[in-house]
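Given next are the chains, with one letter for each unit.
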Amino acid sequence: MSAVRQGAAGATRNCPHCKATILDSATVCPGCRGHLRFDSSPARAALDVPLRVEGTIEQPSNGGTAEYSVVLSIRNDRGDEITRQVVGVGALRPGEQRAFTLAVEMFATEKSKSGR
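Read on for a plain summary of the structure. (Residues numbered from 1 in each chain as written. Predicted model: local features only at pLDDT ≥ 70, side-chain atom pairs only at ≥ 80, totals over all residues. Heavy atoms only, no water.)

1. So, the nonpolar core
Inference 1: Listed in full, the 5 residues of the largest apolar core are C15, I22, A26, C29 and L36.
Inference 2: Beyond its immediate stretch of four places on either side in the chain, I22 contacts A11, T12, R13, C15, C29, P30 and L36. (Core = buried A, V, L, I, M, F, W, Y, C linked by side-chain atoms within 4.5 Å. Buried < 20%, exposed > 50% of the residue type's maximum accessible area, 1.4 Å probe, protein only. Contact = heavy atoms within 4.5 Å.)

2. Observations concerning the packing of aromatic side chains
What describes a pair of aromatic rings is the distance from one ring centre to the other and the angle between the planes of the rings.
Inference 1: Tallying each qualifying case throughout the model produces 1 aromatic pair.
Inference 2: Judged by centre distance (5.8 Å) and plane angle (80°), the rings of Y68 and F100 are edge-to-face. Residue Y68 is located in strand β4 (residues 66-75), and its partner F100 is located in strand β6 (residues 97-106); the two are separated by 32 residues in the primary sequence. (Phe/Tyr/Trp six-rings, centres within 6.5 Å; stacked < 30°, edge-to-face > 60°. Helix = DSSP H or I, 4+ residues; strand = E, 2+ residues; numbered from the N terminus.)

3. Looking at the pattern of salt bridges
Inference 1: Scanning the entire structure with this criterion turns up 7 salt bridges.
Inference 2: Salt-bridge contacts for R13 lead to D24; the nearest nitrogen and oxygen are separated by 3.6 Å. Taken together, the residues R13 in strand β1 (residues 12-14) and D24 in the loop between β2 (21-23) and β3 (48-58) connect sequence positions 11 residues apart. Each member of the pair, R13 as well as D24, is classed as buried.
Inference 3: One salt bridge connects D80 with R78, and the closest N-O pair in it is separated by 3.1 Å.
Inference 4: Assessed through its relative accessible area of 36%, D80 is described here as partly exposed.
Inference 5: The class of R78 is exposed, set by a relative accessible area of 64%.
Inference 6: Shared partners join several salt bridges into a network, and the residues in it are R75, E81 and R84. (Salt bridge = Lys/Arg side-chain N within 4 Å of Asp/Glu carboxyl O.)

4. Comments concerning the layout of surface pockets
Inference 1: In this structure, the largest pocket spans a volume of roughly 1700 Å³.
Inference 2: Forming the boundary of the largest pocket are 37 residues, of which T21, P30, A103, V104 and E105 lie nearest the centre.
Inference 3: Every element with two or more residues in the lining of the largest pocket is listed here: β2, β3, β4, β5 (81-92) and β6.
Inference 4: If one sorts the elements of the lining of the largest pocket by residue count, β6 sits on top with 7 residues.
Inference 5: In the lining of the largest pocket, the residues fall into 23 nonpolar, 9 polar and 5 charged. (1 Å grid on protein atoms, 1.4 Å probe; cavity = no way out; pocket = protein on both sides within 12 Å on 5 of 7 lines; lining within 4 Å. Points joined across faces, edges and corners; volume = space filled by probe spheres on them. Nonpolar A, V, L, I, M, F, W, Y, C, P; charged D, E, K, R; others polar.)

Printed below as a string of structure tokens:
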């Protein structure tokens, strides 16, 4: 396991377990929930969840099989697209449903924790 890193806010790295791009400061991968480092400080808790969206899609019983793509797009304050990713794909048979949850979690950086 790696030692605690003191990188810039927003710095990223790859999770060694699932290879997702995660915050360099993370102690637990938000994707696979694998532990990334062990130290004496407790795991970071989210300060806030300013955005949480949940929804369900359902394919009607009288419809055929339908495919879906889950696309996530992040934009800056000017409306410019920063990233666009397909995060999941699949198919629904008649009568099947899928539930989706999107959550944006905010974390304090080391500088904001210490008041610097």
